[in-house]
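Chain by chain, the residues:
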Amino acid sequence: MSDAAYDGILLGAGHNALVLQAYLGRAGLKTLCLERNATPGGGLVTSESPCNAGFRHNTHSFFHRAITHMPWYRDLELERRGARYLEPALNVALVLADGQVLEWWTDFEKTIASFERFSSKDAQSLRRWRDDFVPVLEKIVAPEGRTPPLPAAERRARLEKSREGRLLLAASELSPQEFVLREFEHPVVQAGLLFFNGLREVDLRCKGFGHHIPILLAAAGKAQMCVSGSAGLARALVDAVEESGGEIRCGIEPRRIVVEDGRAVGVETASGEHIRARSFVASCLNPQQTFLELMDERHVPQVWRDKASAFAYNLLAPLFGLYLDLRERPVYAAEKDCPQLAKALMVILGLESYAQFPEIVEHHEKGTIPRTVMWGSTPTIFDPSQAPAQRHTAFMWEKLPYRLHGDPGNWDREKDAHGKDMLKLWAQRAPNLEGAVLGSFTRSALDTERTLPNMREGDLLVGAFSNGQIGADRPFPGAGQYRGHLKGLYLCGSSSHPGGNVTGLPGYNCAQVLHADLGLKGPWNRT
Ligand SMILES: Cc1cc2nc3c(=O)[nH]c(=O)nc-3n(C[C@H](O)[C@H](O)[C@H](O)COP(=O)(O)OP(=O)(O)OC[C@H]3O[C@@H](n4cnc5c(N)ncnc54)[C@H](O)[C@@H]3O)c2cc1C
């Protein structure tokens, strides 16, 4: 292997790796990121429709929660680099078959007013839990997401010392489902809360996650969208990396992490190139890829191999997407009585009551298709640049099992038919839609895994939050501090705390650990 040209090598150019790489560049390190796809950004993709020129779709992430509040967004000066976000005021709208709409606004009082129309008791509970949890979020949960996690016992001992900590512990004893059913009475409110706040993130039946509901009620930052599409955030991050001297090479697949004298010292690529790293190799991939596929068996202790192989994925995370190129935007029949719906960022359709959740879970377990519950957006209402003039793009996502009838390969045969079923429901709620479609395509969870193999089984969170895989035990005990078992080996992707979605926090936290280990100057130790 040639002499080291780089201080460090990163594997996979997901946004977490790019955040980490940008901080390291600013600290003076020379780094290289290797990415198998043709473009960097991982789940930050905006690409042209296969049907029509000029229609651009966000086939992975779209709703970026409170991105502009993230510390790295500010530190890396992403707005100066072209990133720009919108946070539409009517953030989420659950549209019922009878035309009623449960609304979730950036203005809390407007959300309360909408809940009042369903149940004034629920509106009061909403206010009480939000008020109680604002300090829990500000003093505990937000800082915990932005720092390497404490061991579980130490964390609990700390939490028990404060009122907010005890409140958090008490809520987290429950599952999200238990919390919502105990605190809210109206079936639509129950369904809405579990959907807005739960179903997308954790298994609602899982104890230990009841606090997710009041935390999200308390969060000031709502869903945001990136102007020009999600890839706009990737471009700004790449700019931050490159300005600080970092290199990103796309279309390169690593074959193995090279180990010498018990230390990760570089990477061999699939084409046989050897690239040496003086200080570290950081992986934005999942534990099976990092410890089993990319490392010789003899360099990984059996206990680490066993834990990596047992790392589990979310049954309920896989998404199916229907993407439309449109002559005009979907106009919902419910807009007649609720004109503000025309400007809703996220629209949920097909969800009428809490009772549908057990059904959805059962279908996932059996690998069959439940009654459609879907959510999506018409990005071009807010950002016309994503389609030709006067035209629109829109999408709907649905949670559907990865192993359809026992085999993910079945998706290739069935996905177009399922897309038609989704369109049918959509057009029932927005009657102008069928005549407005200029082109459409679908993407299954199998397509997701093919594009981003770290999202094993199509799990967009890159690992379940159940199975003990949280906090200092994510991805598994012993690997929860962003460090592998060898000197110089680090983890920086969504399989680490605080987990998946576009938060940048696994990369941000890994940056803190690497700065400490390498004695670098960064925003955490400036003073
Ligand atoms: C359909 C869909 C919708 C989503 N919607 C949202 C949303 O609205 N909001 C939200 O916050 N999140 C959403 N997500 C989830 C979000 O995209 C991910 O959680 C996030 O991208 C994970 O970031 P990451 O940096 O850890 O990894 P990724 O973004 O997955 O990046 C990992 C990178 O590693 C590369 N890679 C994988 N294997 C290899 C290999 N062997 N060698 C080299 N490179 C490799 C991949 O190509 C990729 O570029 C969605 C995901 C999907 C699939």
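Residues numbered from 1 in each chain as written. Predicted model: local features only at pLDDT ≥ 70, side-chain atom pairs only at ≥ 80, totals over all residues. Heavy atoms only, no water.

**Digging into the sheet that holds strand β17 (residues 392-399)**
- With mixed pairing, the 7 strands of this open sheet are ordered in space as β8-β7-β15-β16-β17-β14-β18. Pairing within the sheet leaves two strands with one partner each, and these edge strands are β8 (101-105) and β18 (437-443). For this sheet, the mean inter-axis angle between neighbouring strands, taken without regard to orientation, is 20°.
- Bridge count between strand β7 (residues 90-95) and β8: 5 bridges; the pairing is antiparallel. Residue pairing across strands places Leu94 opposite Leu102, the latter belonging to β8. (Pairing = 2+ DSSP bridges. Helix = DSSP H or I, 4+ residues; strand = E, 2+ residues; numbered from the N terminus. Axes fitted to C-alpha atoms, helices over the stretch in contact; angles between N-to-C directions.)

**Thoughts on the pattern of salt bridges**
- A complete count under the given rule lists 36 salt bridges for this structure.
- Its salt-bridge partner being Arg278, residue Asp7 comes within 3.1 Å of it at the nearest N-O pair. Here the residue Asp7 occupies a position in strand β1 (residues 6-11), and Arg278 occupies one in strand β13 (residues 274-283), the gap between them amounting to 271 residues.
- Put simply, Arg249 and Glu273 hold a salt bridge, and the shortest N to O gap is 2.8 Å. With Arg249 in strand β10 (residues 247-250) and Glu273 in the loop between β12 (263-269) and β13, this pair connects stretches of sequence that are 24 residues apart.
- Since its relative accessible area comes to 31%, Glu273 is described here as partly exposed.
- Connected through salt bridges with shared partners, the residues Arg26, Glu77, Arg80, Arg81, Asp239 and Glu243 form a single ionic network. (Salt bridge = Lys/Arg side-chain N within 4 Å of Asp/Glu carboxyl O. Buried < 20%, exposed > 50% of the residue type's maximum accessible area, 1.4 Å probe, protein only.)

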